[in-house]
Amino acid sequence: MKKLLVSMLSLLLLTVLIPQFTFAAQADIKLYFNGKQLNPEVAPRKIGDYSMVPVRIISENMGAKVSWDQAKQMVTIEKADIYMQLVINKKEAVLNSKAITLEAAPVLLAGNTLIPVRFVAERLGLLVDWDDATQSVYVKTPDPSNGGTTPTPSPTPTPTPKPGVPQITSMESVGDQIIIKASGPIKSKLMYLSNPERLVIDLPGTTFGSGIMVPGAGQMGGVWTANPSISAIRYAVNDPATSTIRVVVDLKVKSGYSLIEDGSKGQVVVQLKNAKYKVVLDAGHGDQDPGAISISGKQEKDFNLTMVLKVKKILDQNPNIQVYLTRSDDTFVTLDGRCEFANNLGANVFVSIHGNKWVPSTSGSETYYWRPESLSLANIMHKNLVAAAGLPDRQVRQNDFRVVKYTNMPAVLLEVGYLSSPNDEPQMFNAAFQDRVAGGIANGIKQYLNLN
Ligand SMILES: [Zn+2]
């Protein structure tokens, strides 16, 4: 009973850790376009403070082209000179090849992508109004005849250079460096903050030059980056009194840094170093829980542990990966304990390894995920698993296994093969097969983290 209470408590704690949108209050709202009510298949709704509408509404009624990339969980919206990329469950987005931060992350609901309507519609040059009394969103095409209500396509570059004040002329993310150029000598102050990991670069006594997109009031500008350890680079005027421009580098992993040039020669160069991704490898079952018993009487828990140790040995050679094991010997860890371990670590990737059991004729590899943000990891891992194992491809599948459901980072569960299959079983306990599959799993993880 005490045990039950403890596990209920830990479940409650895990619930709190799940991304906010899942539990944020949701209420259906009405959506009008040019006075006409729209009734999409998935009802528009308020999630938290933001009105979210299906992206298809945008394409059908607002004259934008919308495309969907399943592997990247990414929606692309194109209209005239606007090009926007939004990713499910991510506030970081791209607008005309610049990184921006959305007011709310897009979510996936019954196969429909819901997006924050105000932000997106306004970028497409539409007017958005909210009526609280009727809980309705009104989207309108601007009427040029009623004088001056055309929306200002924000953000607009309106630099107001003050004489003598150095201007920031460019900000770039190049390889592992952040390079900020100015019209003259500037000062820079660096600050590293954790939870979440970020590097703050303050540039006191500066102003925006004409090459920089100036963020509107209450907004932040963004710098495009392809660096896998950076989730976004954003900037704004942080302190108008001292005219301090603040650049925030949001990091996916704990990183070191060094200031290579401090600005005294008109350029600030910050080098990121030693980014370490935390990878959790989870050997299924253990101790009194043997998992599946194979056709020759071997235990799944032993196969899982052998595989995990082999994958760890390969990944340990990569300086950018720190491997953590939920168990490194024949011990028992609860499913919730495994999730808690990875969540408390703030792991970047979670991979659970298992062997399957069914009728003798069933053979092959499966990759399981549950939360949508794990799908791209699942696709990459499965491709590598199938190629390395050479067993029949039994596809990527969605199932709410606890370890992939209650972890809060991209997480997959690999069923390498069937211990009940006379085809798979002898191979699964063969060292050459195990080494090959361990190599495939390690490769998939490195590929997902862009470390190849
Ligand atoms: Zn298992």
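Residues numbered from 1 in each chain as written. Predicted model: local features only at pLDDT ≥ 70, side-chain atom pairs only at ≥ 80, totals over all residues. Heavy atoms only, no water.

J.: Would you mind going over the sheet that holds strand β3 (residues 36-38) with me for this structure?
T.: Remark on secondary structure: sheet strands pair via backbone hydrogen bonds, oriented parallel or antiparallel. Spatially, the 4 strands line up as an open sheet ordered β3-β2-β14-β13, and their pairing is mixed. A single partner strand is all that each edge strand has here, and the edge strands are β3 and β13 (127-131). Averaged over neighbouring strand pairs, the angle between their axes works out to 30° when direction is ignored. When strand β2 (residues 30-33) meets strand β14 (residues 136-140), the two strands line up parallel, connected through 4 bridges. Bridge pairing in β14 places Leu31 opposite Val137. (Pairing = 2+ DSSP bridges. Helix = DSSP H or I, 4+ residues; strand = E, 2+ residues; numbered from the N terminus. Axes fitted to C-alpha atoms, helices over the stretch in contact; angles between N-to-C directions.)

J.: Please clarify how the sheet that holds strand β20 (residues 221-223) should be interpreted in this entry.
T.: Strand order across the open sheet formed by 5 strands is β17-β18-β22-β21-β20, with antiparallel pairing between neighbours. Edge strands, defined here as strands with exactly one partner in the open sheet, are β17 (189-193) and β20. Between one strand and the next, the sheet's axes are offset by a mean angle of 25°, whatever the strand orientation.

J.: Please explain the coordination of the zinc ion as it appears in this structure.
T.: In an ideal tetrahedron of four donors about a metal, each angle is 109.5 degrees. In an ideal octahedron of six donors, the angles are 90 or 180 degrees. Looking at the zinc ion, one finds its protein donor set to be His285 (NE2), Glu300 (OE), Glu300 (OE) and His354 (ND1), positioned 2.1 to 2.8 Å from the metal centre. Coordination geometry of the zinc ion: the 4 donor atoms subtend angles of 50 to 140° at the metal centre, consistent with an arrangement described as irregular. All donors of the zinc ion belong to a single chain; written as a sequence motif, their spacing is H-x14-E-x53-H. Separated by 15 residues along the polypeptide, His285 in the loop between β24 (267-283) and α4 (300-315) and Glu300 in helix α4 bring together distant segments of the chain. An identical accessibility class is assigned to His285 and Glu300; each is buried. (Donors = N, O, S within 2.8 Å, 3.2 Å for Na, K, Ca; no water. Tetrahedral: all angles 85-135°; square planar, octahedral: opposite > 155°, others 65-115°. Buried < 20%, exposed > 50% of the residue type's maximum accessible area, 1.4 Å probe, protein only.)

J.: Mind showing me how you'd approach the nonpolar core here?
T.: What tends to happen in soluble globular proteins is that the nonpolar side chains get buried as a cluster. Grouped together as the largest cluster of nonpolar side chains are 40 residues, with contacts concentrated most on Leu281, Val351, Ile441 and Ile445. Among all residues touching Leu281, those that are not within four sequence positions of it are Val308, Val311, Lys312, Val323, Tyr324, Leu325, Thr326, Val351 and Ile445. By size, the runner-up hydrophobic cluster in this structure holds 28 residues, among which are Val53, Ile115, Ala121 and Leu124. (Core = buried A, V, L, I, M, F, W, Y, C linked by side-chain atoms within 4.5 Å. Contact = heavy atoms within 4.5 Å.)

J.: Honestly, the packing of aromatic side chains in this entry has me stumped. Any pointers?
T.: Centre-to-centre distance and the angle between the planes together describe a pair of aromatic rings. Tallied over the entire structure, the rule returns 5 aromatic pairs. Pairing Tyr192 with Tyr257 gives two aromatic rings, centres 6.1 Å apart and planes at 10°, and the pair type is stacked. Pair noted here: Tyr192 is in strand β17 and Tyr257 is in strand β23 (residues 254-262), with a separation of 65 residues, a long-range link. Look at Tyr257 and you get partly exposed, because its relative accessible area is 31%. Look at Phe208 and Tyr235: their rings are 5.7 Å apart centre to centre, the planes differ by 55°, and that puts the pair in the tilted class. In this pair, Phe208 is assigned in strand β19 (residues 207-208) and Tyr235 in strand β21 (residues 230-239), connecting sequence segments 27 residues apart. Of the two residues examined, Phe208 and Tyr235, each falls in the buried class. (Phe/Tyr/Trp six-rings, centres within 6.5 Å; stacked < 30°, edge-to-face > 60°.)

J.: Looking at this structure, I do not really get helix α9 (residues 431-448). What am I missing?
T.: Residues spaced three or four apart along an α-helix face the same direction, because each turn holds 3.6 residues. Helix length check: α9 (18 residues) gives 26 Å between terminal C-alpha atoms against 26 Å at 1.5 Å per residue, within 8%. Burial in α9 covers these residues: Phe433, Gln434, Val437, Ala438, Gly440, Ile441, Ala442, Gly444, Ile445 and Lys446. N-capping of α9 is provided by Asn430, with a side-chain oxygen placed 2.8 Å from the backbone N of Ala432. Phi turns positive one or two residues past the end of α9, at Asn450, with a value near 55°. (Expected span 1.5 Å × (residues − 1). Polar contact = N/O pair within 3.5 Å; in protein donor to acceptor, adjacent residues only side chain to side chain.)

J.: Teacher, can you tell me more about the packing of α4 against α9 here?
T.: For any two helices packed against each other, the geometry comes down to the angle between their axes and how far apart the axes lie. Packing of α4 against α9 leaves a shortest axis separation of 8 Å and a crossing angle of 55°. What the angle tells us is that α4 and α9 run oblique. In terms of crossing hand, the pair formed by α4 and α9 is right-handed. For the pair α4 and α9, the contacting residues are Phe303, Thr306, Met307, Lys310, Val311, Ile314 and Leu315 in the first and Ala431, Gln434, Asp435, Val437, Ala438, Gly439, Ile441, Ala442, Ile445 and Lys446 in the second. When its residues are assigned to classes, the contact of α4 with α9 shows 11 nonpolar, 3 polar and 3 charged. (Parallel < 35°, antiparallel > 145°, perpendicular 65-115°, else oblique. Left-handed = near helix turned anticlockwise from the far one by under 90°. Nonpolar A, V, L, I, M, F, W, Y, C, P; charged D, E, K, R; others polar.)

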